Structure formats: C-alpha cells, structure tokens
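# Architecture and fold: a report
The lines below spell out each chain.
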Amino acid sequence: MSDRHESHRQGLPGASFPRAVFRRIRALGRGTLDMVDALGRAGMILVLSSMALPSREGWRLWLRQMHFVGVMSLAIVLVSGVFIGMVLGLQGYTILVDFGAEDALGQMVALSLLRELAPVVTALLFAGRAGSALTAEIGLMKATEQLSSMEMIGVDPLRRIVAPRLWAGFVSLPLLTVGFSVVGIWGGYLIGVQWLGVFEGSYWSNMQDSVSFFADIGNGMVKSVVFALVVTWIAVFQGYDLVPTSEGISRATTRTVVYSSLAVLGLDFVLTATMFGELG
Amino acid sequence: MNESLLVEVEGLRFSRGEKEIFRGIDLQIPRGKITAIMGPSGTGKTTLLKLMGGQLRPDAGRVRIAGQDVHRLPRRALFRLRRRMGMLFQSGALFSDLSVFENVAFPLRVHTDLSEAMVRDIVLMKLEAVGLRGARGLMPSELSGGMLRRVALARAIALDPELILYDEPFVGQDPISMGVLVQLVKKVNQALGLTAVVVSHDVKETLTIADYVYVISDGQVMAHGTPASLDDTGDARVRQFIHGEPDGPVPFHYPAPDYVTDIMTARVRQ
C-alpha cells in the first residue's frame, strides 16, 4: 500500500529497478518463512496426533477409518494391479522372446512389481482415491466449525479426527501394496502363461529363484511404508490447515494430490538410489 | 481475584495480519448472569469468543476463567477447562455424521463413564428442554436452522457447564424461532444458574434478556452498563447502534478517497 504510493509520487523510471529487485527478494523471504512455518505446523499435527494413546474408542474409530481409507480403495488398487501385471506380461514377453529368454518372464514381472511399480502406483492411486477424500472431509469439518465445536466440547480433534485417519492410511497403504503385487503377478501369469504360452513351471520357478525376501520384497515394503506416511500426512495436514471456504477446500484437495504425487516420485528415486544403488 | 466474576478479560489485544481487531479490551463477566457483548458486524465478536475459549491466542492481555489464565494453560489442562464451558456456534456446528441423539450424547460419552441407560435419560432430558425430544432420530441435515441451534444448545448444556458462550444465537431466524431461542437462553440461564455470554447484534432481543451489556466497536469497549442505562447514554455512537440509524458517527461508507477525484482520475494501473 505505502510503497505503491511512493512509486506513484516519485514516478522515476530508474527507481523501479531496485524496487522490483527488492520486492522479489522480499517475496522470496516471505515465501521461505511461510514454508518453514507450514512445515512446523505439519510437524506439530503429526506429533500431537500420532502420540495419542490407543483406547478402546480409538480402536473403534481406527477400524472405521480402515474401512473408509483402506477397504474402499481396494477395488481401484486391485483392478489397476491386474492391468499393470498384464501389460508387464505382454511387454516383457515381446522383448524377452527376441532373445529366447521368455522363461525369465516371471522374474521380470515379479521384480518390476515388487521393487518399483507396486509401491509407486499404489501410492499414487491412494493419493487420488483416499488422500483427496481425507483432505476434503477434514476440510469440510473445519469449514462447518465441527472441529471448533469439538475443541470446545473438550475433545482434541487431532486425537479424535486426525489420528485415526493418519494411522489408517499408514497401515492400509502397505497392505494395499501387497495386494497390488499379488494380483499383478497373477495378471502377468494370465497373459504370459495362459495366453502367450510361456512354460508355467519356468514362470514360477524363475520367480522363486530370483526374488529375495529382504532385498526385493522387504525394500519394496520399506518404500511403501515411507509413501504411506508421506501421503497420509500431506492429506490430513492439507485438510486441517486449509482456509475454510469452498475455494480453500478445492485448492487443498488439489494440493494433496499434486504434493503427494511429487513426493512419492521424488522419494522413490531417493529410496531406489539408496537401497538398490549397489545391486547393479 | 474477585469471586463473583467467572470471566475476566484484561487488556486484550489481537490482530489478524495488519488489521488490529482488538486494541485493549477489558470485560468482567459475573457468575450466574447473562452478559451481552454487542457491536456492529465485523467488530470481531466471534473472535472474542474464540479468544475466551482458548482457540486463538491474543497478542497481549489475558483471559481468566474461574481464576485460570486460559492462554497459559498447557493443552491438556485447557481441554479440561473447556469441559466446564459450552459454546453455541452460529451454524450449530453439529457433527454431520451423527444423529441428533448421538450429537447430544457425544460429550457424555467422551467425558463420563455413565451407563447407556443414564446417557439416554440425560440426552432425552436435554432434548426435552429445547423441545426436540421427538427429533432425536433425525440427522442434522434434516433440521431447520433454528432446530439445529436448539440441538446444539442441548449438546452445549449436556455436561451442565458453568459457562456458556452464545455466538449470534438469534441471527437469521424467523420471528417464531427467534422468540423460542430468546426464551431458551433466558430459561437455561435461570433453571441451571449458569453464566451466559451472548454475542449478538440483534439489539432488541438481546436487551430483553441481558443483565449487563458491553458495546464494542473499533476494537474497544465503547460503552457498558445495564440495558436501561445504555438507553440514555450520552455517546452518539452507542445511540446510533442501539437505535439502528444507518449513518452517523459510525459511517455508512468504507474509508475511500474523495468520490469525485476517484471517478475523474482515470488511472490505467492502480
């Protein structure tokens, strides 16, 4: 307000250059401060809600959220898993058959799924299906003052509303990832063995020989657990912290999906580099 | 500390961004009385209630409820203190996934170990008090605005609080439900002997039930006194507000540059 008046009064063309630069610097500083502030708030929400002691009521609320967050995501995750597995079977076969190595199809399908595709694709689907719903639900509760009224009744909404959702997301995404891998491998079998005629024995035995429990399944699950924490955390934070208007809810829901997807893909690279980097 | 006061607000300052909302507010709210806080829209009356309930933090000053400094309490103690207060939100703020019965039962279930039969009895008593015992099976989405507020009132008094904060209880109601709500606020105060703070800009209704009135504007207490003493106050701003005159010391126009200059100066970029 005040600097608009000043520039208007001075009106010198030369004076606008450093002013614009200073405005940029100031905006950068403010942006950084806002970001650090938001990170702090997000951390507070995570700590305050996840430290809630499990009570009988807490278990009931958690189970209810497991239904909404986990079970309701099952259909989309499993259907996607079958299709990804089938595509892997087709693509893998067309490449491997050129080298006469189609017996290794089981190994290829299983490793791609367990190490990479199952954790990443499930997390992306989960962010779209469950994360956005969590944000919208908590945001609407905030906009309709339900969170405020709960606070005034003397119940901490972080414990009552946020904690069960956070834990439900944290537990259900790794389980969904397991489901995705299983049906994906079955999808690859369907295409490779049943349709394209790869020998069934070699599909399974190659898989058994090459997949290691800790290095492949274990590391894939580590990824999935990390994604689960990040995606659910982003979703509940965006819901709890949004501006309580209809525009605010729509922005926050979009941000949940965008931030979660970027975080999942970025972290996937970091985790792959640290866990599989030396496997060659 | 004065024993007859339940809530004491001292030198409260609060701002949102650049905008100063309160510039040093002092309020004293006596036990067992209905104290009204009135003022034009946008003076931050709801904000004041949120400051009292500890949902917002003031820049300076303090709020003491039953001798406890609300903003110095650790989180746990604050939530314990809130069990002794009820708040009626403007929208009712009922939990949309619970029925009317479960909404009123909610505070009882989370804060007490009462048996199911006992919870049922208390809920029905509270619903009877607001005249909605028959609506116990409905969901909040099936209620009218006035009914929502009455259910919210039943929920707010479920734990028999000492203090109840009403946020604009009469706004946007038809004359009948307005009358019902006015009677209820009065009745609840008399029957349960609880202390009430009513934030409102419905002057006529509020003055009929209030024991003491604070008028706030521009972030300060402009006047306070009994409803009768406010009528013959000398302050022109208070008179304007109480008699609802459109223009006066409280201007009709939002601050703006001179009208003619504003229209005649064509500026391409502001």
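We now turn to the structure provided with this report. Predicted model only: the values in this text are computed from it and were never measured.

### A word on the packing of aromatic side chains
In this structure the tally under the stated criterion is eight aromatic pairs over all chains. Each ring, one from Phe213 of chain A and one from Phe214 of chain A, has its centre 5.4 Å from the other, and the planes form 85°; the classification is edge-to-face. On the accessibility criterion, Phe213 of chain A (55% relative accessible area) is exposed. Since its relative accessible area comes to 68%, Phe214 of chain A is described here as exposed. Among the aromatic residues, those joined into a ring-pair cluster are Tyr189, Tyr203 and Trp204 of chain A. A cation sits over an aromatic face here: Arg82 of chain B above Phe79 of chain B, 4.8 Å from the ring centre. If you follow Arg155 of chain B out to its NZ or CZ, it ends over the ring of Phe95 of chain B, 4.7 Å from the centre.

### Some words on a nonpolar patch on the surface
A cluster of nonpolar side chains, Phe17, Val21, Phe22 and Ile25 of chain A, forms an exposed patch at the surface whose accessible area comes to about 450 Å². Of the residues examined, Ile25 of chain A reaches a relative accessible area of 51% and is grouped as exposed.

### Looking at the nonpolar core
Judged by nonpolar contacts, the single largest core of 59 residues is most densely connected at Phe126, Ile138, Val162, Phe180, Tyr203, Phe227 and Tyr240 of chain A. Only α2 (16–50), α3 (56–96), α4 (105–143), α5 (146–153), α6 (157–195), α7 (200–210), α8 (213–241) and α9 (246–276) of chain A provide two or more residues apiece to this core. In contact with Tyr240 of chain A, other than residues within four places in its own chain, are Ile45, Ile138, Lys142, Leu147, Glu151, Pro157, Leu158 and Val162 of chain A. In terms of nonpolar packing, the next biggest core, distinct from the first, is built from 38 residues, Val100, Val119, Leu153 and Phe170 of chain B among them.

### With respect to the sheet that holds strand β1 (residues 5–16) of chain B
Residue and element names in this part refer to chain B. Sheet architecture is open: four strands sit in the order β2-β1-β4-β5, paired in antiparallel fashion. Every other strand in the sheet has two partners, leaving β2 (19–30) and β5 (68–69) as the edge strands with one partner each. Bridge count between β1 and strand β4 (residues 60–65): five bridges; the pairing is antiparallel. For Glu8, the partnering residue across the bridge sits in β4 and is Arg64. In the packing of helix α1 (residues 45–52) onto the sheet, contacts are made with β1, β2 and β4, and the angle to β1 comes to roughly 120°.

Calculation criteria
- Residues numbered from 1 in each chain as written.
- Chains lettered and ligands numbered in written order.
- Predicted model: local features only at pLDDT ≥ 70, side-chain atom pairs only at ≥ 80, totals over all residues.
- Heavy atoms only, no water.
- Phe/Tyr/Trp six-rings, centres within 6.5 Å; stacked < 30°, edge-to-face > 60°.
- Buried < 20%, exposed > 50% of the residue type's maximum accessible area, 1.4 Å probe, protein only.
- Lys NZ or Arg CZ within 6 Å of the ring centre and 35° of its normal.
- Patch = residues over 30% accessible without salt bridge, like charges linked within 9 Å, V, L, I, M, F, W, Y side chains within 5 Å.
- Areas by Shrake-Rupley, 256 points an atom, 1.4 Å probe, with all protein chains shown as cover.
- Salt bridge = Lys/Arg side-chain N within 4 Å of Asp/Glu carboxyl O.
- Core = buried A, V, L, I, M, F, W, Y, C linked by side-chain atoms within 4.5 Å.
- Helix = DSSP H or I, 4+ residues; strand = E, 2+ residues; numbered from the N terminus.
- Contact = heavy atoms within 4.5 Å.
- Pairing = 2+ DSSP bridges.
- Axes fitted to C-alpha atoms, helices over the stretch in contact; angles between N-to-C directions.

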